[in-house]
Amino acid sequence: MRMDGRRESGNVDDRRGQRSGGRFGSGGGGNIFGGGAGGGNGLNILSLIISMISLFKSSKNSGGGNKGGGGCGCIGLIVILVLGYFLLSGGGLGSLLGGLAGGEGGGFNPAVIFNTDGEGDSDYTPTAEEEELARFSKQVFAGTEDVWTKIFAQNGLTYECPRLVLFTDYVSSGCGNASSSTGPFYCSADQCVYIDLSFFKDMRRTIGADGDFAYAYVIAHEVGHHVQYLLGDLSRIHQQQSRASEKESNQLSVRLELQADFYAGIWAYHDNKMFNSLEDGDIEEALNAAQKIGDDYLQKKARGYTVPESFNHGTSAQRSRWLKMGIQTGDLSKRDTFTPRYESL
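Just so you know, these numbers come straight off a predicted model, no measurement behind them. Throughout this description, residue numbers start from 1 for each chain and increase along the sequence as written. It should be noted that, the model being predicted, local features are given only for residues of pLDDT at least 70 and side-chain atom pairs only at 80 or more, the latter also being counted only at that level, while totals for whole chains, interfaces and linings use all residues. To obtain the side-chain values, all non-hydrogen atoms of the structure were used and water was disregarded.

### Focus: the overall build of the protein chain
Logical step 1: Check the secondary structure of the protein chain and you find 12 helices and seven strands.
Logical step 2: Every residue pair with non-hydrogen atoms within 4.5 Å of one another is taken to be in contact. Residue pairs in contact within the protein chain that sit at least 24 positions apart in sequence constitute 75% of those at least 6 positions apart. For helices the rule is a DSSP run of H or I covering at least 4 residues; for strands it is a run of E covering at least 2, with both sets numbered from the N terminus onward.

### Points about the state of the cysteines
Logical step 1: In this description, the term disulfide denotes a pair of cysteine sulfurs within 2.5 Å. All told, the structure shown has one disulfide when counted by the stated rule.
Logical step 2: Residue Cys 175 pairs covalently with Cys 187 via a disulfide, S to S 2.1 Å. A torsion of 95° about the S-S bond marks the disulfide between Cys 175 and Cys 187 as right-handed. In this pair, Cys 175 sits in the loop between β4 (170-173) and β5 (176-179) while Cys 187 sits in strand β6 (residues 185-187), placing the two residues 12 residues apart along the sequence. Side by side, Cys 175 and Cys 187 carry an identical accessibility label, which is buried. Under the scheme applied here, a residue whose accessible area is under 20% of the maximum for its type counts as buried, over 50% as exposed, and between as partly exposed, the area being computed with a 1.4 Å probe on protein chains only.

### Re the packing of aromatic side chains
Each aromatic ring pair is characterised by the separation of its centres together with the angle its planes make.
Logical step 1: Ring pairs are drawn from Phe, Tyr and Trp, using the six-membered ring of Trp, whenever the two centres fall within 6.5 Å, and their geometry is named by plane angle: stacked under 30 degrees, edge-to-face over 60, tilted for the rest. Scanning the entire structure with this criterion turns up eight aromatic pairs.
Logical step 2: Ring centres of Trp 148 and Phe 152 lie 6.3 Å apart, and the angle between their planes is 85°; on these two criteria the pair is classed as edge-to-face. One end of the pair is Trp 148 and the other is Phe 152, both in helix α5 (residues 128-154) and four residues apart, which spans about a single turn.
Logical step 3: Assessed through its relative accessible area of 1%, Trp 148 is described here as buried.
Logical step 4: Ring plane angle 10° and centroid distance 4.8 Å describe the contact between Phe 185 and Tyr 194, whose orientation is recorded as stacked. No difference in accessibility class separates Phe 185 from Tyr 194, as the two residues are buried.
Logical step 5: Through a chain of ring-to-ring contacts, three or more aromatic side chains come together here, namely Trp 148, Phe 152, Tyr 159, Phe 262, Tyr 263 and Trp 322.

### Quick look at the packing of helix α6 (residues 198-207) against helix α7 (residues 212-231)
Logical step 1: Inter-axis angles, ranging from 0 to 180 degrees, are taken between N-to-C directions of lines fitted to C-alpha atoms, where helices are fitted over the stretch in contact. Where α6 contacts α7, the two axes come as close as 11 Å, and the packing angle between them is 125°. Considering the angle they form, α6 stands oblique to α7. In this structure, the crossing between α6 and α7 has a hand that is right-handed. In this structure, α6 contributes Phe 200, Met 203 and Arg 204 to the contact, and α7 contributes Ala 214, Tyr 215, Val 218 and Ile 219.
Logical step 2: Among the residues forming the contact of α6 with α7, the class breakdown is six nonpolar, no polar and one charged. In these notes the angle categories are as follows: under 35 degrees is roughly parallel, over 145 is roughly antiparallel, 65 to 115 is roughly perpendicular, and the rest is oblique. Crossing handedness is defined as follows: a turn of the near helix away from the far one that is anticlockwise and smaller than a right angle gives a left-handed crossing, while the clockwise case is right-handed. As a working rule, the residues Ala, Val, Leu, Ile, Met, Phe, Trp, Tyr, Cys and Pro are called nonpolar, Asp, Glu, Lys and Arg charged, and the rest polar, with Gly in that last group.

### Section: helix α12 (residues 316-329)
Logical step 1: Here α12 is 14 residues long and its end C-alpha atoms lie 20 Å apart, about the 20 Å a rise of 1.5 Å per residue gives.
Logical step 2: Among the residues of α12, those classed as buried are Ser 316, Gln 318, Arg 319, Ser 320, Trp 322, Leu 323, Gly 326 and Ile 327.
Logical step 3: Turning to α12, the residues buried within the fold contact α7, α9 (246-275), α10 (282-292) and α11 (295-303).
Logical step 4: Within two residues after α12, Gly 330 carries a phi angle of roughly 60°, on the positive side. Take the residue count of a helix, subtract one, and multiply by 1.5 Å to get its expected span.

### Here we look at the side chain of Arg 16
Logical step 1: Examined against the element boundaries, Arg 16 turns out to sit in the loop between β1 (12-15) and β2 (29-31).
Logical step 2: Polar contacts here mean pairs of N or O atoms no more than 3.5 Å apart (in protein, one a potential hydrogen donor and the other a potential acceptor; neighbouring residues in sequence count only if both atoms are side-chain atoms). Within the structure, Arg 16 has its side chain in polar contact with the side chain of Asp 14 (distance 2.7 Å).
Logical step 3: Here Glu 131 takes part through its side chain, which lies 2.8 Å from a polar atom of the side chain of Arg 16.
Logical step 4: Those residues within four positions of Arg 16 in sequence are excluded, and the remaining contacts are Tyr 124, Pro 126, Glu 130, Glu 131, Ala 134, Leu 166, Phe 167, Thr 168 and Leu 197.

### A short note on the side chain of Lys 292
Logical step 1: Here Lys 292 shows up in helix α10.
Logical step 2: When charges are counted, Lys and Arg contribute as positive and Asp and Glu as negative, whereas His and the chain ends are disregarded. The term salt bridge refers to a side-chain nitrogen of Lys or Arg lying within 4 Å of a carboxyl oxygen of Asp or Glu. Here Lys 292 occupies a buried position and makes no salt bridge, while the nearest side chain of opposite charge, Asp 210, is found at 10 Å.
Logical step 3: Beyond its immediate chain neighbours, meaning those up to four positions away, Lys 292 contacts Ile 207, Gly 208, Tyr 297 and Leu 298.

### Quick notes on α6
Logical step 1: Within the sequence span of α6, burial applies to Phe 199, Phe 200, Asp 202, Met 203, Thr 206 and Ile 207. Seen from one end, α6 has its buried residues packed into an arc of 155°, which puts them on one side.
Logical step 2: Directly beyond the C-terminal end of α6, a positive phi value near 70° is found at Gly 208. To obtain the arc, one takes the directions from the helix axis to the C-beta atoms.

### What to know about the pattern of salt bridges
Logical step 1: On inspection of all chains with the given rule, the structure shows 15 salt bridges.
Logical step 2: Arg 205 serves as the salt-bridge partner of Asp 202, at 2.6 Å between the closest nitrogen and oxygen. Highlighted residues: Asp 202 and Arg 205, both in helix α6, separated by three residues, approximately one helical turn.
Logical step 3: For Arg 204, the salt bridge is made with Asp 210, and the minimal N-O distance between the two is 3.9 Å.
Logical step 4: By relative accessible area, Arg 204 is classed as partly exposed at 35%.
Logical step 5: Salt bridges sharing partners connect three or more residues here, namely Asp 14, Arg 16, Glu 130 and Glu 131.

This is the structure we're talking about:
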């Protein structure tokens, strides 16, 4: 992406190096890879896969397993299997970690495990790479402000800018506490987008989704949830989910996520029109990321097969299709993911 000379957003709360305490509360939102920020709907699929794979590799490399010497290979495998079952069978981690939840909705409270206390970390020093990612994220966020302010004005509406919160390891949001394993997420209770910049490294290392436009897609997707909040779709769908069966709720979640992907594409189209920001290969980077974060791809990567009834973010084909439609058309009138037949999305 061409970002030289682009402004950085001033709507940024940089909490990197800080610790947070608290508990899950109310509010709604979502993240790009799974689960929601509001009400403690669970950790996202990609981050748990990252954690499970890392744990398994560590247990193998430690020389543990059935041998002596205090190895943890067997225990690590058990943890992987248990977490994988609860995540990929369509159940939430709230049922697994219910005893650790400190708030409403059975959410995960990292403060219980990690003993976070809200104080700063005096040993924290950002790397040059992280500082560059922070600058880039602020520029992308500024771009979303410019694009959506213009689009809303063209439709007789006023765009209320969200805030971008950068954090390290743990953060306290209007929707409660979260850890970096939650992945990037949007919280409607405080209208903030939260991201630990290490997530971009995890994308590259674990699923091979890399590139500046792939990272921009992640941010623009979360801002898409804010657009849904401002237009009333987020609360409307969450109300419907509260009365729906698990299967119906998952399908409604897919519709929300696909629309957020479409909004990310809408942003890219108009940002390029305004700033000539896209370079050769950028669109391919984002489409590759969309394909790599489909529910079917992630489930198959984790256990070799899929459970379509548990999909709550959309398949690789669906996600790339809606993102591509937004990038190619820039047409907000095509945003309806709620009325078409589910099978045709």
